[in-house]
Amino acid sequence: MLTSGPVVVMQVPENLDAGEVNAFMGELGPLLESNRPRIVLDCSQVRSIDSAGVEALLQCLEEALKRDGDLKLASLSPEAEVILELMRVARVFESFQTSDEAVRSFNALPVDAVTQDAPWYSTVFGDLRAVKEAS
Amino acid sequence: MVRAVVIVGPNGSGSGSGELSSAKLVANRSLACVEMLGRTVLGRTIEELLRGRIDSVVVIGTGPFTSAVMGHEKVDFFSAQDPWSKAAQKAASFDGDAVLLMRLGAYVEFDPADMLQFYRDQDRQLTRACNHEGCLDLWVINPSNVPRNDRLFAFLESENITPYFIPGYVNRLESPRDMRQLISDGLAGRCHFRPQGLEIKPGIWIGHGAQVERTARLVAPTFIGANSKISDQCLITRASSVESNSHIDYGTVIEDTTVLSNTYVGIGLDLSHSIVEGGHLLNLQHGVMLRMSDPVVLRRIKNSKVHSTIDGSFLANLDVRNMALSSVPKKEQ
């Protein structure tokens, strides 16, 4: 397993099928339990994924999103790309040509850059309170 | 009396040396016997030969033949380890001034009577068909000139030939991409490779016993083979064909794809630019062959009554590294 700052890059096994899913989830599970997990799955070695494998990937994505993180795919082998398209999940995942690109995409917009306390419309309409006072 | 000898197998370049096992040749042999739009190229070729004033046809292959083309009184089938030697033996035994010899191979639309007339007018010992892309494995030869040893192919490849130009449709069927092209051309009416079934709407053909559920949608041109089933909410479009005894399950989209005989395609899938047979999927856009072990997604439907190919699975015999990828443009990065 490789780490690049807070983003974790993990290699997906060659055959992500019912036999491999438990081991894969066992390795990925602790990472998903952290706060705002940011995970890149390197799929360059993938030769086959079955429905159990796709289900596992979706489950991981769901867990990451629940904890305000994300899970991205990188270096998709042609086989992985065909399988994800076949099973209609290719569009669900954000995918990148390389792991580095995927890692950089996490850092492009630092999480702390967005003030969590400010109302969502504040950047668009400015401070409504100030407008009201001026009028 | 004019006869034809049809060889279903590799070209004879390896004849005698035993080098007949390259993946390309194996797949080439199989393609002629793969059901496309309801019928094999072999079956269609035999029919056209008999319609074109050929009195009888001898078919020689390296394996057992599909029952779909057997049983015709004017057609004899032989299985031989070296089909070229067997062809030489058969051709030499014929009487008459000409024998038409062809290897499948390519799907060629031609007029046998016209080619025979051309051969007789030229008064040469060997005529070979060609088109603008080069020579085809189709010859007319005098039976008395056929070499009685395993040199037949070398003799046919000699330069002392009279070329006969075929202006009609030719598909060399050298790769799965050619196969998809032939199906697409057949559905679009660009050749005489017509779907075998009832045209229920313009461009939509349904084979005997096929079942299409009420909410399934077929967009022309498309072909659904005999005894196939298309479940609810499916969409079949962009010159796709679902060959006989196959099942497309609920909500799946089939686009620019051929589903070969006896194949189950699972629920809610998106299948495009591919050829599928049993658990094998060849994606022509990505140039990838997959073997799906998950029967929920793809699987072979067991049907002991139907054998669509000469030697079982067509895609299972295909070495995609040697063959299909060479004809598939590399994906742009």
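Predicted, not measured: the structure shown is a model, and the values here were computed from it.

Peer 1: Where do I start with the confidence of the model for chain A in this structure?
Peer 2: For any part of a model where pLDDT is low, the fine detail of the predicted coordinates should not be relied upon. Per-residue confidence for chain A averages 84 on the pLDDT scale, and 76% of its residues sit at or above 70. Here residues 1–5 of chain A is a poorly scored stretch, pLDDT under 50, and it has 6 contacts once near neighbours within four places are set aside; other chains count.

Peer 1: Is there a simple way to think about the interface of chain B and chain A in this case?
Peer 2: How big an interface is tends to be reported as the loss of accessible area on association of its parts. Listed per partner, the contact involves 13 residues of chain B and 13 residues of chain A. Contributing elements (two or more residues each) for the side of chain B that touches chain A: strand 22 (270–272) and strand 25 (288–291) of chain B. Split by residue class, the side of chain B that touches chain A holds 6 nonpolar, 5 polar and 2 charged.

Peer 1: Can you help me understand the nonpolar core in this one?
Peer 2: A general feature of soluble globular proteins is that nonpolar side chains tend to end up buried together. Residue and element names in this part refer to chain B. Within the largest apolar cluster, 123 residues are counted, with the highest numbers of intra-cluster contacts made by Val5, Val6, Val57, Ala87, Ala91, Leu100 and Leu101. Residues lining this core come from more than one domain, with at least three contributed by each of domain 1 (3–171) and domain 2 (176–327). Here Ala87 is in contact with Val5, Ile7, Ile60, Leu101 and Leu152, once residues within four sequence places are set aside.

Peer 1: I'm lost on helix 1 (residues 18–32) of chain A in this one. Help?
Peer 2: Side chains three or four residues apart in an α-helix point the same way, a direct result of the helix having 3.6 residues per turn. All names here are of chain A. Given a rise of 1.5 Å per residue, 15 residues ought to cover 21 Å, and the 20 Å separating the end C-alpha atoms of helix 1 matches this to within 8%. Along helix 1, the largest kink reaches about 30° and is centred on Gly26; proline Pro30 follows within four residues of it. Check the buried side of helix 1 and you find it contacts strand 2 (7–11), strand 3 (15–16) and helix 2 (51–66).

Peer 1: Got a minute to help me understand the sheet that holds strand 18 (residues 247–248) of chain B in this structure?
Peer 2: The strands making up a sheet are joined through hydrogen bonds of the backbone, oriented either antiparallel or parallel. Residues and elements named next belong to chain B. Spatially, 12-15-18-21-26 is the arrangement adopted by the 5 strands of the open sheet, whose pairing is mixed. Sheet topology places strand 12 (211–212) and strand 26 (298–300) at the edges, where each strand pairs with a single neighbour. Where strand 15 (residues 229–230) lies against strand 18, 2 bridges are found, and the strand directions are parallel. Bridge assignment links Lys229 to a residue of strand 18, and that residue is His247.

What counts, and where the lines are drawn
Residues numbered from 1 in each chain as written. Chains lettered and ligands numbered in written order. Predicted model: local features only at pLDDT ≥ 70, side-chain atom pairs only at ≥ 80, totals over all residues. pLDDT = per-residue confidence, 0-100. Contact = placed C-beta atoms within 7 Å. Helix = DSSP H or I, 4+ residues; strand = E, 2+ residues; numbered from the N terminus. Nonpolar A, V, L, I, M, F, W, Y, C, P; charged D, E, K, R; others polar. Core = buried A, V, L, I, M, F, W, Y, C linked by C-beta atoms within 7 Å. Buried ≥ 20, exposed ≤ 12 C-beta atoms within 10 Å, placed from the backbone. Domains from an automatic or database assignment. Expected span 1.5 Å × (residues − 1). Bend = angle between axes of the 7 residues up to and from the residue. Pairing = 2+ DSSP bridges.

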